[in-house]
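# Observations on the three-dimensional arrangement
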Amino acid sequence: YYNYNIKGGYIMKRLFIVLLIVTLLMGFTACTQTEKPEEPEAPAVADETPPEDTEPEPAEKTIINFAVQADSTPALDKIVEAFNEQSQTYEVKATIMTNDSGQMHDQLLNSLSSKSGEYDVISMDVVWAGEFAAAGYLEPIDQLLMDKGWKPTDFNAGSMDSGKYKGKNYVLPYFPDLGFLYFRSDIVSVEDAAILQSGEYTFDDLIAMGEKYQGEQDTKYAFVYQSKQYEGLTCNLNEFTGNWADIEGGLNYMKQMMDKGLTPEDILNYTEGETHNALLNGEAVFARNWPYVNGMLQSGEYDVKVDQVGYAPLPKGGTVGGWILGINANSQNPDGAKEFLTFVAGPEGQKINATEGSYLPGLNALLEDNEVLASNQLLTDEGFQNALANTISRPVVPNYSEVSDQIQISAHQYLSGNSTIEDAVAGIEKALGE
């Protein structure tokens, strides 16, 4: 029994020790398996995907103001649109002025004489350039011509001559012009049409034709032309008088047309606009006007179509006219003004003017351009070619505006029945003498 107890107690003791060791080992192991500390979150990495390309905000364009008469053809709008599309720096805005050239002259003069920069580029009648250049209102363009590699002889001679003052050039052509006769070729006989196109006829012959054809195909008038008291009257009287060779005879032809009822009753209020409306609406057999009307005919938007109209020189010659472009000497944007001026007067602008508006190109090279020739039948028409060869100028005097004003007043008073033929002739001769 003793031995058993001793042995059993020994065994129990050793079992206790073993259990204690196991317990201690388990506690140690538990202590050593503590949780690992949480690793700090990695900083967010920027998205390395490149952003989508974005168009930079376009720089605001500098406005160039263009003072110009209204255009009844699409040409002006097309020119402005084309320039604005190709220019990264400038945007042209056209300020549309009156088609009454006398009023437009005064508007421009008021602005330019105050040294205003409201207009950067201005369109001018050929007879204004000398006046404006002499007053210092226009910027010379000789350096511009050199920079572009252009010579004055590259352009219409009459246009360039009108803007040359004291040896300096001040203008480039917008479009040359001349007065000539439109006639209804679907009314006038083939024989009479041939006579008209040749230019071998007189105002007496023309009046006889007017009496012959008035009323055919629902026409109301034989003749329409510009007879309001404005610059157009000076141009027409220049043509009726044969460049002032027969002032009394010219006035009498105009009065005779009125007295015979061959013209509208309000012919003394007619400008270019009323004249072209009467032709295009089918109201007149004969109309004296400028080349721009052919552009309106070619649009096909009017009662009278282009194939119903012929062209002829006037009996004693057509007045040379046209519009030219200059830069305001007080422009705040001279570089932009030069850029636009060269665009309009250069190949692209002149081609738009010729093809879209049927204006005569002021850049001589375009007179041989097939596209221009194909788009403007005037340039290849026999009657118009004869008109080009038979032109006359307006009075070449330093104070042209005053001279023209006096001519208009004297002529209009007579035609309206408010003065005698003698007084009218004396007033015109006095103006021309001055």
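Summary of the structure given here. (Residues numbered from 1 in each chain as written. Predicted model: local features only at pLDDT ≥ 70, side-chain atom pairs only at ≥ 80, totals over all residues. Heavy atoms only, no water.)

## Details of the layout of surface pockets
Volume-wise, the largest pocket comes out at about 590 Å³. Residue lining of the largest pocket: 22 residues in total, with Val126, Val127, Ser162, Pro395 and Val396 positioned closest to the centre. For the lining of the largest pocket, the elements supplying multiple residues, two or more each, are α4 (129–134), α6 (157–162), β4 (164–165) and α17 (400–415). A per-element tally of the lining of the largest pocket places α6 first, with 4 residues. (1 Å grid on protein atoms, 1.4 Å probe; cavity = no way out; pocket = protein on both sides within 12 Å on 5 of 7 lines; lining within 4 Å. Points joined across faces, edges and corners; volume = space filled by probe spheres on them. Helix = DSSP H or I, 4+ residues; strand = E, 2+ residues; numbered from the N terminus.)

## Observations regarding the pairing of strand β3 (residues 121–125)
With 5 of 5 residues buried, β3 lies mostly within the body of the structure. Burial along β3 is two-sided: the face carrying Val121, Ser123 and Asp125 and the face carrying Ile122 and Met124 are both buried. Direction of pairing for strand β1 (residues 62–69) relative to β3: parallel, over a ladder of 2 bridges. By the bridge assignment, alanine 67 is partnered in β3 with isoleucine 122. As paired elements, β3 and strand β11 (residues 318–327) share 5 bridges and run antiparallel to each other. From the neighbouring strand, valine 121 faces β11, where its bridge partner is isoleucine 327. (Buried < 20%, exposed > 50% of the residue type's maximum accessible area, 1.4 Å probe, protein only. Pairing = 2+ DSSP bridges.)

## Things to note about the packing of aromatic side chains
What the rule picks out here adds up to 18 aromatic pairs. Each ring, one from phenylalanine 203 and one from phenylalanine 240, has its centre 4.6 Å from the other, and the planes form 20 degrees; the classification is stacked. Residue phenylalanine 203 is found in helix α8 (residues 203–213), and its partner phenylalanine 240 is found in helix α9 (residues 231–240); the two are separated by 37 residues along the sequence. Among the aromatic residues, ring-to-ring pairing joins Phe66, Phe83, Tyr174, Phe175, Phe340, Phe343 and Tyr359 into one connected group. (Phe/Tyr/Trp six-rings, centres within 6.5 Å; stacked < 30°, edge-to-face > 60°.)

## So, the environment of glycine 158
Residue position: glycine 158 is located in helix α6. Residue classification places glycine 158 among the partly exposed positions, given a relative accessible area of 41%. C-alpha separation for the pair glycine 158 and glycine 321, spaced 163 residues apart in sequence, amounts to 8.6 Å.

## Some remarks on the pattern of salt bridges
The final tally for this structure, using the stated rule, is 12 salt bridges. As a salt-bridge pair, lysine 151 and aspartate 154 come within 3.7 Å of each other at their nearest N and O atoms. Its salt-bridge partner being lysine 351, residue aspartate 369 comes within 3.3 Å of it at the nearest N-O pair. Of the two residues, aspartate 369 sits in the loop between α14 (347–357) and α15 (370–375) while lysine 351 sits in helix α14, which places them 18 residues apart along the sequence. Salt bridges linked by common partners bring Asp125, Glu231 and Arg394 together as one network. (Salt bridge = Lys/Arg side-chain N within 4 Å of Asp/Glu carboxyl O.)

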